[in-house]
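Structural description and commentary
The residues making up each chain are set out below.
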Amino acid sequence: MEAIWYKSELADEIIKNNDIFNQTQSIIADVVSGKLDITVLVENMAGVLTSKEVEDRERGMRFFTKVLKEIPADYLTEMQIKFISKFYVDRLKDNHRVIPAVLEGYLSVIDMKHYNVQSSGEYLTALFREVACQSQVRQDRYNIYLTIQKLFIKNVEYMKTLGPDFVYGFISSMDGERDPRNLLFLFNFLPNFLSNIPLGHLVEEMFEVISCYYPIDFHPSPDDPAAVSRNDLAAVLCPCLCAIPEFAEHCLVLLIEKLDSNLRVAKIDSLMLLAASCKTFKYESYGPFLKALWSSLHRELTHKTDEELKLVAHDALSALVSKLSTKAETDQSFENFVKGILISMQSAIAESLTVIQFMEAIKILLTAANTSKQSCILIIKAMIPAILAYYEFKPLVKLQISCLDVLGDMYEMADHWEVLGEMEKEVNEIPQLCLTAVSERAKDYQVSGFKTLIRVKNVLHIDLVLPFVEILIYNIQQSQDSELLSVCVETVHAIARKYPELIMTLVVKGKCDLENLTQDKTALQKRLDLLSNLASIDDFTKIIIEEMLKVITTNDEEASKVVKALSGSISNISLYTEEKVAQIESDHGLISSIMEWLLKSILDESHESLNHGCTLISNTICSLPPEKQSSILSKHSKAILEKCDSNEMYFLILECLYRSTSPTIYDTNFKDIMGLALKLALNSDNQLLRTKACCMVAHFLNKAQSGPNFEILNEVLKSYLTSCSRDNVNILPRLIELYGWITKALILRGNDLFQFWLSKIMISISTSECSVEASEAIKIIMTDSEDCLNTRHHCRTSLLYRQRMFQTFVTLTEKLGPPNTDSEEAYYLSWGYVLEKTPKSILNSQINKVSPLVVDALVYDNKELLKVMLDVLIHFVQSKNITVGHSLQTILPRLINLTTYVKCMDVRIKSLQCLYEIANSYQTRLLLPHKQDILIDLAPSLDDKKRLVRNVAVKARTRWYLVGAPGESKED
């Protein structure tokens, strides 16, 4: 029996029977197989397409559109598509109820492989003539915009030929659009459209249609699950307003007008628009507006409180000066504009009485200077002499120190733009001012002077080296201030790179007397620190390292100080690269010398001295290639293992040898060392040895290659723990500490076995006997360690391990249930260690579980726990979390109590900050029992933290007493 779609009765079937819509796939199958021509199908639908009833014609078009959407895009021929296209053009003249199906169907026509875009001209003409776009529903308007975009993408050159009528039609179609999703689509499409389609005499009309939305004033519905935000729309509208140079005059007039308004969002949007416009508008477009632009920019750049506004204004100024500088050689406008900025800011600097006022003007100048080579020359060349003069005439310490910092900034900027040669006279004056500063006795002057000298060391004249060295060496020998000592050593290092021969004579062989290194005991450690620092410079390496190793190998009584100095400097990767350390080991046998000293001193030296030696060996080994590491291990391991049998302290040497080995290293000693480490971790009475042994176990488990190596070590672990005696009363706390290191090692390498060991710790948290030790094990897992399980020691690490730890911790706590009453504090402290290191974005996903814990923990007398929980609570409050809002009746009394917590200033500060944030975020009126100052007797001394507490308290009380709930009077 012949199917209905082969007959003219198809029209009646479409009108009367909804089931026919479910048979379109069968129709398509017949069309694709060649049994049914698409034109015959249209003819058979004539009755429904030409029916007098609008409803029938609508059903007919929906049916045919459905067929087109489902038919393969590459099946229809160009002639067939042309026929269908004309048919859809004709349908545009039909009743408005038919139009949606026509719009949807033509989108499918455009997607056909053999569609000829030249058929679109007729369609677009009819569309703009017959269909009032803004009278259609949102989806239909979107289909019109999408049609234009698809045609544009298919053949932009043809679209250009459609001329002003097409442009006018497009303008008319989007004029008055209000739906945010449609606007988002249009604003994303328009920049590409505008930059390719000539607007002719319609420039102003197009700009007016776009600019009527500026600035965006829109707030999405709270019930919209996929809402478009105001910022989303503002971000895509901006490029539309400055898409083409022809918009320049209209755009600049508009943004200046909005910059002068009182609406903050309009100011920010206008500043962003100004910055964006500089990418497309021509240089000459800005000329008539420069005076007005600088006036507006200057006002926003010097805003007293709005930092975001100032930041955006700096971006706009940078973009504008950069644009103007493109014609600096041929047009005077650039120089006039920059000189105008200079005059304004120099006046502001001259009048400044505080560092804030001074730096505000300086930042504006640096922003303008950092936009181009030309602006850098104009501003920096003028400002260096001005700052030098200002230093002399403003004898306020903080202002003079700021001058030194600014001179360093200006020098580095000139160096960046490679224009130091243009201002040689000016920059050469900076080191002299540095010398003036460091000649003062006050530490602040000296630190700033030396730091600036380090930045400008390349223009340091040889005549100034000696006076600087005299001051530097005096400080190194006499000062006890760690910051000043550190910057002095860094300064000598910087000078040595420029004048190595002078420093060799004046410092290494002179003031430090390298050849009689340990005979002068005065400030010996400081001189050694300086020399080990200088040894990183190639010119100094050989002579200094040889002399230092001579002291160590002759077992001089001061050898431990030399080891300490070398360890401290070689640990600094900014001084000693891996290549440099490897070179020193190769040329001077550093490890053998230190090993020799350690073996002689292991039983006599303090733990601190031994640790310096071990750290030095470890940091040297980690810089060596695997084959060199293997050679060193094979040379020393067996002998040290034997010594460990007689004295466990030798394990420290063994541990430092293996701590930093490459993951590719594995030898026959690993199994024995693993067993020894486990034995010491559980049985040694020396806390340092137990910790080092735990770290050794962790390193082996973390770095072992997957497969036999890992399985052997894991089996040693399980076997030892199974067989070890539990008779020792101290064994359980030590086991839990070991579990912490094992868990961390495994989770960092991404091994799921970590969950087994973590569960053991979690069970211990629930028991009062070892709950404190279990919480400390959680701290070990969550906290970074300088000497264990880090990348410098070639350990496997995962950036997301803390997220995984948090998720596993949540799961296990739910599974195990609440803790015993006696172990509740340790339970919450464990949570505190986890929450402290977990990214806040992860906490947001579990806020219903986390927030009750945070609130409950506020009653415990544990300052570490309180600080963490208050930080988390502040985060939740700032994000205006509803769950926290519902708990305010419980939270507020606890916070108020903590404002007088006597054991920790930080707890008092954070509790006050949290109260202030609650008042700010929830518009909550806090009715305190007494209105007198709740900060009385918070701390006995007036230090900086107390002033911070008072500042926060003032803000908080202002908010509590003056900002009530909506509709609440101040007297309530």
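Source: prediction; values computed, not measured. (Residues numbered from 1 in each chain as written. Predicted model: local features only at pLDDT ≥ 70, side-chain atom pairs only at ≥ 80, totals over all residues. Heavy atoms only, no water.)

A tally of helices and strands in the chain yields 51 helices and zero strands. Expected size for 972 residues packed as a compact globule is a radius of gyration near 30 Å; at 38 Å, the chain overshoots this value by more than 25%. In the chain, buried positions account for 53% of the 972 residues. (Helix = DSSP H or I, 4+ residues; strand = E, 2+ residues; numbered from the N terminus. Rg over C-alpha atoms; globule rule 2.2 N^0.38 Å. Buried < 20%, exposed > 50% of the residue type's maximum accessible area, 1.4 Å probe, protein only.)

Here we take up the nonpolar core. Counting residues in each nonpolar core, the largest one holds 347 residues, and the members touching the most others are Met-206 and Ile-778. Top element by residues in this core is helix α40 (residues 731-748). It accounts for 11 residues. Every residue in contact with Ile-778, bar those within four places of it in the chain, is listed here: Leu-758, Ile-761, Met-762, Ile-765, Met-805, Phe-809, Ser-830, Tyr-833 and Val-834. (Core = buried A, V, L, I, M, F, W, Y, C linked by side-chain atoms within 4.5 Å. Contact = heavy atoms within 4.5 Å.)

What follows is about the side chain of Lys-910. With respect to the helices and strands, Lys-910 occurs in helix α50 (residues 905-922). If we skip the residues at most four places from it in the chain, Lys-910 touches Lys-867, Leu-870, Asp-871 and Ile-874.

With that settled, the discussion passes to the environment of Phe-187. Mapped onto the secondary structure, Phe-187 falls in helix α12 (residues 180-196). Residue Phe-187 is classed as buried on the basis of its relative accessible area of 3%. In the structure, Phe-187 is positioned 97 residues away from Glu-284 in sequence and 27 Å away in space, judged by C-alpha atoms. Excluding residues that lie within four positions of it along the chain, Phe-187 makes contacts with Tyr-213, Ile-216, Leu-233, Val-236, Leu-237 and Cys-240.

Here the structure, examined in full by the defined rule, presents 41 salt bridges. Linking Lys-580 and Asp-538 is a salt bridge whose minimum nitrogen-to-oxygen distance equals 2.6 Å. You can see Lys-580 sitting in helix α32 (residues 578-588) and its partner Asp-538 sitting in helix α30 (residues 538-553), a full 42 residues away along the chain. Classification of Lys-580 as buried rests on a relative accessible area of 6%. A salt bridge links Lys-910 to Asp-871; its shortest N-O distance comes to 2.9 Å. Note that Lys-910 is positioned in helix α50 and Asp-871 in helix α47 (residues 863-878), a separation of 39 residues in sequence. (Salt bridge = Lys/Arg side-chain N within 4 Å of Asp/Glu carboxyl O.)

Right, let's talk about the packing of α30 against helix α33 (residues 590-601) for a bit. Interaxial distance between α30 and α33 falls to 9 Å at its minimum, and their mutual angle equals 25°. Put simply, α30 runs roughly parallel to α33. Handedness of the crossing formed by α30 with α33: left-handed. Note on element contacts: α33 touches α30 through Leu-590, Ser-593, Ile-594, Glu-596, Trp-597 and Lys-600, opposite Leu-549, Ile-552 and Thr-553. (Axes fitted to C-alpha atoms, helices over the stretch in contact; angles between N-to-C directions. Parallel < 35°, antiparallel > 145°, perpendicular 65-115°, else oblique. Left-handed = near helix turned anticlockwise from the far one by under 90°.)

On to the environment of Ala-73. The topology assignment puts Ala-73 in the loop between α5 (54-70) and α6 (78-91). C-alpha of Ala-73 to C-alpha of Lys-113: the two residues are 40 residues apart in sequence and 5.7 Å apart in space. Non-local contacts of Ala-73, meaning those with residues more than four positions away in its chain, are made with Asp-111, Met-112 and Lys-113.

For the rest of this paragraph, the subject is the state of the cysteines. All told, the structure shown has zero disulfides when counted by the stated rule. No disulfide involves Cys-795; its sulfur sits 6.5 Å from that of Cys-788, the nearest cysteine. Cys-795 gets classed as buried once you look at its relative accessible area, which sits at 7%. (Disulfide = S-S within 2.5 Å.)

Leaving glycine out, the prevailing phi sign among residues is negative, and the prevailing peptide bond configuration is trans. In this structure, Pro-215 follows Tyr-214 across a cis peptide bond, with omega equal to -10°. Inspection of the secondary structure assignment puts Pro-215 in the loop between α13 (203-211) and α14 (230-241). A positive phi is found at Leu-789, a non-glycine position, where the angle reads about 55°. Examined against the element boundaries, Leu-789 turns out to sit in the loop between α42 (771-782) and α43 (801-816). Given the relative accessible area of 6%, Leu-789 is considered buried.

Counting all residues, the mean pLDDT for the chain is 90, and 94% of those residues have values of 70 or more. In the predicted structure, residues 925-946 sits below a pLDDT of 50 and forms 44 contacts with residues beyond four places in sequence or in another chain. Long-range and interchain partners of residues 954-972, a stretch whose pLDDT sits below 50, account for 37 contacts in this model, where long-range means more than four residues apart. (pLDDT = per-residue confidence, 0-100.)

Time to look at the packing of helix α7 (residues 99-110) against helix α8 (residues 120-130). Interhelical geometry of α7 versus α8 gives an angle of 160° and a closest axis separation of 13 Å. By the angle class used here, α7 and α8 are roughly antiparallel. Note on packing geometry: the crossing formed by α7 with α8 is left-handed. Together, Val-102, Leu-103 and Tyr-106 of α7 and Ser-120, Tyr-123 and Leu-127 of α8 make up the contact between the two elements. In the contact of α7 with α8, the residues fall into five nonpolar, one polar and no charged. (Nonpolar A, V, L, I, M, F, W, Y, C, P; charged D, E, K, R; others polar.)

This paragraph deals with α50. A rise of 1.5 Å per residue sets the reference length of α50, with its 18 residues, at 26 Å; its end C-alpha atoms lie 26 Å apart and thus fit the reference within 8%. Buried residues dominate α50, accounting for 14 of its 18 residues. (Expected span 1.5 Å × (residues − 1).)

Of note, Ser-660 is situated in the loop between α36 (651-659) and α37 (669-683). Separated by 2.6 Å, the side chains of Ser-660 and Ser-618 make a polar contact. Beyond its immediate chain neighbours, meaning those up to four positions away, Ser-660 contacts Ser-618, Ile-621, Cys-622, Gln-629, Lys-703, His-793 and His-794. (Polar contact = N/O pair within 3.5 Å; in protein donor to acceptor, adjacent residues only side chain to side chain.)

Mapped onto the elements of the fold, Glu-246 is located in the loop between α14 and α15 (248-259). For the pair Glu-246 and Gly-200, spaced 46 residues apart in the sequence, the C-alpha separation amounts to 9.8 Å.

Moving on, we come to the packing of aromatic side chains. Taken as a whole and assessed by the stated rule, the structure comprises 30 aromatic pairs. Arranged with centres 5.5 Å apart and planes meeting at 80°, the rings of Phe-152 and Phe-189 form a pair that is edge-to-face. Of this pair, Phe-152 sits in helix α9 (residues 138-154) while Phe-189 sits in helix α12; the two residues are 37 residues apart in sequence, bridging distant segments of the chain. The two residues Phe-152 and Phe-189 agree in class, both being buried. (Phe/Tyr/Trp six-rings, centres within 6.5 Å; stacked < 30°, edge-to-face > 60°.)

Over its 14 residues, helix α26 (residues 465-478) runs 20 Å from end to end, which matches the ideal 20 Å to within 8%, given 1.5 Å per residue. Listed in full, the buried residues belonging to α26 are Val-465, Phe-468, Val-469, Ile-471, Leu-472, Ile-473, Asn-475 and Ile-476. The secondary structure elements touched by the buried residues of α26 are α24 (430-438), α25 (443-455), α27 (482-498), α28 (500-511) and α29 (524-534).

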